[in-house]
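Structural characterization, general
This is what each chain is made of:
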Amino acid sequence: MIFYDFIYKIDNFCGYNNPWNIRKEAQTSDKYGFFADKRPIEELVKNSIINLDKPPGPTSHEVAFWIKKMFNLNKVGHGGTLEP
């Protein structure tokens, strides 16, 4: 299996020096999704979590609405509280 360069970069950054053990070669097709390092920005935004430090003033409902409009999304929600 040929790993992408970004896998080795992550390993080096984290100090992982052990060899990879491949149990079975993957049989994948480019027509079903995207490789992690080749995803278009639309897919990243569609399936993402936005970490936000909400300032005092706007409500969490307002901020979620703004995010929805900024990225032209159908659904937006928040986990936990956005209140200070």
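Because the structure is predicted, anything quoted here is derived from the model rather than measured.

1. Focus: the overall build of the protein
The helix and strand inventory of the protein stands at three helices and zero strands. Counting helices and strands in the order they occur from the N terminus, the protein gives α-α-α. Going through the 84 residues of the protein one by one, you find that 12% of them count as buried. Within the protein, counting contacts between residues at least 6 apart in sequence, those at least 24 apart form 37% of the total. Accessible area for the protein stands at about 8,000 Å²; split by element, carbon and sulfur atoms hold 55% of it.

2. Observations concerning the side chain of Asp11
Among the secondary structure elements, Asp11 is positioned in helix H1 (residues 5–14). Although Asp11 is buried, it forms no salt bridge, and the closest oppositely charged side chain is Lys9 at an N-O distance of 13 Å. Ignoring any residue separated from it by four or fewer positions in sequence, one finds Asp11 in contact with Tyr16 and Trp20.

3. What to know about a nonpolar patch on the surface
A cluster of nonpolar side chains, namely Ile50, Leu52, Phe65, Trp66, Met70 and Phe71, defines an oily patch on the protein surface of about 630 Å² accessible area. For Met70, the position within the fold is in helix H3 (residues 60–70).

4. What to know about unusual backbone geometry
The residue Asn72 is not glycine, and still its phi comes out positive at about 55 degrees. Relative to the elements of secondary structure, Asn72 occurs in the segment after H3.

5. Section: the confidence of the model for the protein
For the protein, the average pLDDT comes to 79, and 88% of its residues sit at 70 or higher. Element-level pLDDT for the protein is lowest in helix H2 (residues 41–46), with a mean of 79, against a maximum mean of 88 in H3.

6. Focus: H3
Taken together, the buried positions of H3 are occupied by Ser60, Val63, Ala64 and Ile67. For H3, the angular spread of buried residues about the axis comes to 100 degrees, placing them on one side. For H3, the exposed residues lying more than 90 degrees away from the buried face are His61 and Lys69. Phi turns positive, to about 55 degrees, at Asn72, one or two residues after H3.

Rules used throughout
- Position numbers for residues count from 1 along each chain, tracking the sequence in the order it is written.
- Residues qualify for local features only when their pLDDT is at least 70, as the model is predicted, and side-chain atom pairs are given and counted only at 80 or more; totals for whole chains, interfaces and linings, by contrast, use all residues.
- Side-chain numbers come from the whole structure's heavy atoms, not from hydrogens or water.
- Secondary structure elements are taken from DSSP: a helix is a run of H or I of four residues or more, a strand is a run of E of two residues or more, and numbering for both begins at the N terminus.
- Type-normalised accessible area, obtained with a 1.4 Å probe on protein chains alone, sets the label of each residue: buried when under 20%, exposed when over 50%, and partly exposed for intermediate values.
- In what follows, a contact means two residues having at least one pair of non-hydrogen atoms within 4.5 Å.
- The Shrake-Rupley method, run with a 1.4 Å probe, gives the accessible areas here. Residue values count only the displayed protein chains as cover.
- Charged residues are defined narrowly, with Lys and Arg counted positive, Asp and Glu counted negative, and His plus the chain ends left uncounted.
- Throughout this description, the term salt bridge denotes a Lys or Arg side-chain nitrogen within 4 Å of a carboxyl oxygen of Asp or Glu.
- Grouping into patches uses exposed residues only, defined as over 30% relative accessible area, and leaves out salt-bridged ones; the cut-off is 9 Å for like charges and 5 Å for nonpolar side chains (Val, Leu, Ile, Met, Phe, Trp, Tyr).
- The predictor attaches a confidence to each residue, and that confidence, scored 0 to 100, is pLDDT.
- The arc in question is the one traced by the directions running from the helix axis out to the C-beta atoms.

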